[in-house]
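Each chain, letter by letter, is given below.
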Number of protein chains: 4
Amino acid sequence: MYRKFDDHHMVPLWSEIGNIMPSQPEPSAVPYAWRWSELSALAKEAGELVPVGRGGERRAIALANPGLQEPFASPTLWCAIQYLGPREVAPEHRHSQNAFRFVVEGEGVWTVVNGDPVRMSRGDFLLTPAWCYHGHHNETDEPMAWIDGLDVPFVHYTDGSFFELGPLQVTDQSTPQYSRSERLWAHPGIRPVSSKSNTESSPIAAYRWEHTDSALNDQLALEDEGHPVTVEPGHAAIRFVNPTTGADVLPTIRAEFHRLRPGTVTESSRVVGSRVFQAFEGRGRFVIGEKVFEIEKGDVVVVPSWARASIEAESSLDLFSFSDEPIIEKLGLSSPPGLVPPMSL
Amino acid sequence: MYRKFDDHHMVPLWSEIGNIMPSQPEPSAVPYAWRWSELSALAKEAGELVPVGRGGERRAIALANPGLQEPFASPTLWCAIQYLGPREVAPEHRHSQNAFRFVVEGEGVWTVVNGDPVRMSRGDFLLTPAWCYHGHHNETDEPMAWIDGLDVPFVHYTDGSFFELGPLQVTDQSTPQYSRSERLWAHPGIRPVSSKSNTESSPIAAYRWEHTDSALNDQLALEDEGHPVTVEPGHAAIRFVNPTTGADVLPTIRAEFHRLRPGTVTESSRVVGSRVFQAFEGRGRFVIGEKVFEIEKGDVVVVPSWARASIEAESSLDLFSFSDEPIIEKLGLSSPPGLVPPMSL
Amino acid sequence: MYRKFDDHHMVPLWSEIGNIMPSQPEPSAVPYAWRWSELSALAKEAGELVPVGRGGERRAIALANPGLQEPFASPTLWCAIQYLGPREVAPEHRHSQNAFRFVVEGEGVWTVVNGDPVRMSRGDFLLTPAWCYHGHHNETDEPMAWIDGLDVPFVHYTDGSFFELGPLQVTDQSTPQYSRSERLWAHPGIRPVSSKSNTESSPIAAYRWEHTDSALNDQLALEDEGHPVTVEPGHAAIRFVNPTTGADVLPTIRAEFHRLRPGTVTESSRVVGSRVFQAFEGRGRFVIGEKVFEIEKGDVVVVPSWARASIEAESSLDLFSFSDEPIIEKLGLSSPPGLVPPMSL
Amino acid sequence: MYRKFDDHHMVPLWSEIGNIMPSQPEPSAVPYAWRWSELSALAKEAGELVPVGRGGERRAIALANPGLQEPFASPTLWCAIQYLGPREVAPEHRHSQNAFRFVVEGEGVWTVVNGDPVRMSRGDFLLTPAWCYHGHHNETDEPMAWIDGLDVPFVHYTDGSFFELGPLQVTDQSTPQYSRSERLWAHPGIRPVSSKSNTESSPIAAYRWEHTDSALNDQLALEDEGHPVTVEPGHAAIRFVNPTTGADVLPTIRAEFHRLRPGTVTESSRVVGSRVFQAFEGRGRFVIGEKVFEIEKGDVVVVPSWARASIEAESSLDLFSFSDEPIIEKLGLSSPPGLVPPMSL
């Protein structure tokens, strides 16, 4: 009978149910940390050996979760370090995958998104929503590296990839301090009357470090004044959002920034969905399940679905993070209400 | 038969249909303009004769549309000038009516909204959503006057008024530069992770002039650079919004700020719903139907529903505006699609 | 000073605040009941004296709340009895006001809504959303009367009335058992793939008595079987909804049907917003504030905003009801949370 | 350098971009058809050899797409044939995966969903939303087989699986004609006032064949009368929806029913996302890319993402279908606007 099953492309559930419907999530992805010292050294080496441009399109190196067969940080999230040498240009293209960049160090590169030149500087969080043409150009004599985050694995999984080449040179070589998108949209509580329709992705191309830093400082100062505005004592956190809706910046990706006071230990928790953190400044450690990862500036950590995690700040610790939480929330996949037994494990 | 109708509290439609279901809106409210010079002089006079405080609660004088029987600027909108003498305190209360304040001149008053002290300065737009306790205190030796906008007529009409007295003194006499609400919420494209729920009204208590001015300047500069970001040539406009949703700041009131280059004449248009403008800076005129109103700093103009209106800027002209558009939009009362004949009148 | 106020169309708040911002709603509208015996007799008399057709448009007689100056059942709601003699035709027109009809007795009239003929029979609830052409024709030798409900007062108040005449004769004189709208949309949990867009008003032109009756019977049977599906013991209730959204049938009007077992006394309650009930079958009484109204088949009762009301069923009692609750809910005007003192009065 | 990449769990994008970001979707899943004659024969054989119950939980056999490594119909969708012998009971359990059943033939089984017994008969579409306890029991001396559809692959992919065992026997052995859920919710355009909150999944446990058939007949009759209510000439289609929202029945799965007149050939089209069809009655063929599948009653066909597909009806052809379109739509993965070149291939 089982041979007949095979012949007819049928598989009995009773032999599979434990694997595909476990009593709680059993991800193949594992907790893991990549060192910025190694990432940036290898990116530099690649910069000397591999040309950027048409064909490979980008000098980007993906962080491949050791538990997965494909070069993905988690089942849904792509994370890569991208490197652009002095005066180099990454040609324009566009794709249905949503992308962002986060700059842990360096400056001097402009990314051009649908013709709008966007300065990239330390601490900035930059968006390239689906199907926007984009290229990068380095205007300095120094190389620059940053991390890219995309929903490449998810779009791959759902078979929704579209990709088109654009010009070899970026369409606008100017180097303004602020992008047009910021001048139009990055004013608090304000939107232009000329843009009445809401958009699925944020129209803000760059979320500047000055605002992120200021918002986090304000939260900690308010906590000092006795107001419960942090997520837990000593732990300030902001979410980057689409100003047309107040929702996440991209349809598939949530992005946040966390600041922990020295000595803070976050409450241990776990959620359905995967998360990636990059240390921006400071030292500390992630405790994920049984594993401990010491981290410092630039290190990247992945927390798989349902893995119990806690963060300990040795110094003041600044962390950028992104996750697939919009996928989980929109599709109703958060852990069942009242799921007491697994929560207490 | 008609006497029987009367006796039984019945009224035949055939004798009334022309009045209550006209072919297009025939508002009782009329276009009108109030002069700031007169408003502020009378407010000052009232300040010398009438005490502020418990009982009357506020030294506010409503702008009463000459076409309406009640002291309302339009059927849905309340607009008043409020005056607070040197060192005076307006005691705390709360009500189901939504309120805002806009400051055309002066400084030195703090409004305390649910215990959060909010500085009031020229150009600021300040919110007091429904059922928030609020009082005001003047910390200077100079009086200060500003305009209040509320949905008093609408809440009166729908029989939804609730009102409660609070303390005679404001609950926090401190005078911080920025309110706690601003420190938590007024960062562009950023929201605190500790506040995940959206709110019907904006959590930002003050929309500061510095941001409004900067957003308008940016729009005009972008227009100069060739980008179509203004509502029409020479006419920049921003809307104040709730950062949790991107929608209007209050459930019943839309608030905007418009800046016209010298010489700009806006396209003549008309909409269902009423609007109030206050000139913030500059000179110009409103042409509403057959009427023309010359305006300058502080003057208040009301445009009734379906009145055809255009604005002409003599100098650079800055205008604050508010309207009942959220009521019209949420209840589907915008003019019918394809209503060509009335539009061409 | 007060004369100067008058001269400049200004009114001091301190002399008005008690009237326009009371501590809880003080509606001008009063509780009231109209007798079907009187309504139908007067409608019949009007039928013999007043022609239907162009000019007056409809032989409808409004129920005028004794507390209001205009012929409105409540500040927001219009209710009228409409009468169509044997073989008469009410010509087509359309307006921005939303309308429905409810049939307490009779049959033989078809209403034609945007060209779709809709049979009107006892117990049916029928929709004419804003800006749909509609006319009625009586195909029998007997007269027929029913009640019309509209948002006429609200559209009048917001100055949003648009009205256009259509043909003198209805555009389709056929008399099908079911309208096209029902054949396309009135299947439970099913929508046509050809109509992907949601609509502000329900696309179902007639909610048939057979479905209403069956849903109410099922609720009471389920209650008998021990399942808590009624709103309170002995009180079944259904809401008519827009199948594209699950929300109310019209943007401004909620419509429901209630069935009380003999002897049921509903919990006394009050809400912001006004409601109108028509007894469909059975006997009982409304206790509204201090007033008691005995009711039987066809009687119409209005409950003003914030009036405390309870219903007592002498026999099994069927009640159709409509209200302005969508206005109250969408604009955030429900009574403030935790408003304990007024609730306990 | 590439060995260093390996050592540090890094993978260069330039060697991978063609595979993971193709210019248009290149699914691993292939078009395929399973014959009902084979499915039901093998299910019967399994019924004689394999016990139902605790451990394997269900006698269900998955349809495994030949292009995929796991036993999934498509990357996101699970489809299995389930077989219950005479008088057998499948014990209760619950899981975070959303499930439905569709009955192509047979009767006599009741599924008990959160304690509510639901009759299963030919043509019925039945829901078991996430985390509802459910078991099945066959009350006859004949076996019964049906298809199950779930989002098992998607929940597996996102690492969101939760599973709990329930009682060995179903919690209610009664065999009512209609479930409580239907009696409360399956009335057209009507919802119970006692259930004001909307739900993510439909509260209707069974969508009965009588309603599906009637809605499809009505569409074709309306088409005959000249009204454009079908999706294309000769092609009627309905979508099963959640009556609380008008949206899809499950957060991750869309379900529809299509009826083609004899001779109808549907327009060739392709979409992002995968679809599964089961022929319910009639004969015809699917043309998917270069492949042709002749189908008749019970046959199951899978159409992968972006595969161009058309259906040809030899006789009148009834087709049940389900897809992952809610995932695609909510996450913004539909094909880019104006993607002309790929569309014209």
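Residues numbered from 1 in each chain as written. Chains lettered and ligands numbered in written order. Predicted model: local features only at pLDDT ≥ 70, side-chain atom pairs only at ≥ 80, totals over all residues. Heavy atoms only, no water.

Trainee: Which residues make up the overall build of chain A, and what values do they have?
Mentor: Each helix and strand counted, chain A has 8 helices and 22 strands in total. Principal axes of the C-alpha set define a box for chain A whose edges measure 65 × 60 × 45 Å. Looking at the 345 residues of chain A, the share that counts as buried comes to 64%. Taking the intrachain contacts of chain A between residues at least 6 apart in sequence as the baseline, contacts between residues at least 24 apart amount to 75%. Accessible surface computed for chain A: about 11700 Å², of which carbon and sulfur atoms make up 51%. (Helix = DSSP H or I, 4+ residues; strand = E, 2+ residues; numbered from the N terminus. Buried < 20%, exposed > 50% of the residue type's maximum accessible area, 1.4 Å probe, protein only. Contact = heavy atoms within 4.5 Å. Areas by Shrake-Rupley, 256 points an atom, 1.4 Å probe, with all protein chains shown as cover.)

Trainee: Could you give an account of the arrangement of the chains, naming the residues involved and the relevant values?
Mentor: Note that chain A does not reach chain C: the shortest distance linking a C-alpha of one to a C-alpha of the other is 17 Å. Nothing in chain B touches chain D, and the closest approach of their C-alpha atoms is 17 Å.

Trainee: Which residues make up the sheet that holds strand 18 (residues 284-288) of chain D, and what are the values?
Mentor: Residues and elements named next belong to chain D. Read across the open sheet, the 3 strands follow the order 19-18-21; overall the sheet is antiparallel. Each of the sheet's edge strands pairs with one partner strand only, and the pair in question is strand 19 (291-295) and strand 21 (309-313). In this sheet, adjacent strand axes meet at a mean angle of 15° when their direction is disregarded. (Pairing = 2+ DSSP bridges. Axes fitted to C-alpha atoms, helices over the stretch in contact; angles between N-to-C directions.)

Trainee: Any chance you could break down the interface of chain C and chain B for me, citing the residues and the numbers?
Mentor: Taken residue by residue, the interface counts 84 residues in chain C and 84 residues in chain B. Approximately 7100 Å² of surface area, both sides summed, lies buried where chain C meets chain B, with 71% of it carried by carbon and sulfur atoms. It is C:Trp14, C:Tyr157 and C:Phe162 that lose the most area in chain C upon contact with chain B, and together they represent 11% of the buried surface on that side. Here chain C and chain B share 2 salt bridges between them. C:Glu45 is the partner of B:Lys4 in a salt bridge, and the nearest nitrogen-oxygen pair spans 2.7 Å. For the interface between chain C and chain B, the tally reads 27 residue pairs in polar contact (both at pLDDT 80 or more). Of the residues in the side of chain C that touches chain B, the class split is 51 nonpolar, 20 polar and 13 charged. (Buried area = accessible area lost by both parts, 1.4 Å probe. Salt bridge = Lys/Arg side-chain N within 4 Å of Asp/Glu carboxyl O. Polar contact = N/O pair within 3.5 Å; in protein donor to acceptor, adjacent residues only side chain to side chain. Nonpolar A, V, L, I, M, F, W, Y, C, P; charged D, E, K, R; others polar.)

Trainee: If you had to explain the interface of chain D and chain C to someone new, which residues and values would you point to?
Mentor: A common way to state how big an interface is: give the accessible area lost once the parts meet. In this complex, chain D contributes 38 residues to the contact, which on the side of chain C involves 38 residues. Per-residue buried area on chain D facing chain C is highest for D:Arg183, D:Pro188 and D:Val193; these three make up 20% of the total on that side. Scanning the region where chain D abuts chain C turns up 2 salt bridges. For the salt bridge of C:Glu225 with D:Arg183, the shortest nitrogen-to-oxygen distance reads 2.8 Å. The interface formed by chain D and chain C includes 16 residue pairs in polar contact (both at pLDDT 80 or more). Mapped by element, the contributors of at least two residues to the side of chain D that touches chain C are helix 5 (180-185), strand 13 (190-192), helix 6 (209-224) and strand 15 (235-240) of chain D. One ladder, built from 3 bridges, connects strand 13 (residues 190-192) of chain C with strand 15 of chain D; its direction is antiparallel. Residue pairing in the sheet places C:Ile190 in a bridge with D:Phe240 of strand 15 of chain D.

Trainee: With reference to specific residues and values, describe the relation of the copies chain D and chain C.
Mentor: For the match of chain D to chain C, the screw axis carries a shift of 0.1 Å, the RMSD comes to 0.0 Å, and the turn is 180°. Here the symmetry operator amounts to a two-fold rotation axis. Taken as a fraction of all interface residues of chain D, those also at the interface in chain C reach 100%, which identifies the copy contact as same-surface. (Least-squares fit on C-alpha atoms with pLDDT ≥ 70 in both.)

Trainee: Quick one: what's the story with the sheet that holds strand 22 (residues 317-323) of chain A, residue by residue and with numbers?
Mentor: Within the open sheet, the 7 strands sit side by side as 2(A)-20(A)-17(A)-22(A)-16(A)-15(A)-13(B). Their pairing is antiparallel. Each edge of the open sheet carries a strand with a single partner, namely strand 2 (32-34) of chain A together with strand 13 (190-192) of chain B. Averaged over all neighbouring strand pairs, the angle between strand axes comes to 25°, with direction disregarded. The pairing of strand 16 (residues 254-260) of chain A with strand 22 of chain A spans 7 bridges and is classified as antiparallel.

Trainee: A description of the packing of aromatic side chains should follow, citing residues and the corresponding values.
Mentor: All names here are of chain D. Counted according to the given criterion, the structure contains 92 aromatic pairs over all chains. Taking the centre distance of 5.7 Å and the plane angle of 55° together, the rings of Phe125 and Tyr207 count as tilted. Of the two residues, Phe125 sits in strand 9 (residues 125-128) while Tyr207 sits in strand 14 (residues 206-207), which places them 82 residues apart along the sequence. Among the residues examined, Tyr207 registers a relative accessible area of 3% and is labelled buried. (Phe/Tyr/Trp six-rings, centres within 6.5 Å; stacked < 30°, edge-to-face > 60°.)

Trainee: With reference to specific residues and values, describe the pairing of strand 18 of chain D.
Mentor: Residue and element names in this part refer to chain D. Burial along strand 18 is one-sided: Gly284, Phe286 and Ile288 are buried, while Arg285 and Val287, pointing the other way, are not. Judged from the 5 bridges that link them, strand 18 and strand 19 form a sheet pairing that is antiparallel. Bridging from a neighbouring strand, Val287 pairs with Val292 of strand 19. As consecutive antiparallel partners, strand 18 and strand 19 are separated by 2 residues, and within that stretch Gly289 has a phi angle of approximately 55°, a positive value. Where strand 18 lies against strand 21, 5 bridges are found, and the strand directions are antiparallel.

Trainee: Any details on the relation of the copies chain C and chain B? Residues and values, ideally.
Mentor: What connects the two chain copies is a rotation about an axis and a shift along it. The two copies are related by a screw operation: chain C maps onto chain B through 180° of rotation and 0.0 Å of translation along the axis, at an RMSD of 0.0 Å. When you check the interface residues of chain C against chain B, 99% turn up at the interface there too, and the contact is symmetric in its surfaces.

Trainee: Mind laying out helix 3 (residues 36-49) of chain C, listing which residues take part and the relevant values?
Mentor: All names here are of chain C. Taking 1.5 Å as the rise per residue, helix 3 with 14 residues should run 20 Å; its terminal C-alpha atoms sit 20 Å apart, in good agreement. For helix 3, the complete set of buried residues consists of Trp36, Leu39, Leu42, Ala43 and Ala46. Each buried residue of helix 3 sits inside an arc of 140° when the element is viewed along its axis, so together they form one side. Opposite the packed face of helix 3, turned more than 90 degrees from it, sit the exposed residues Ser37, Glu48 and Leu49. (Expected span 1.5 Å × (residues − 1). Arc of directions from axis to C-beta.)

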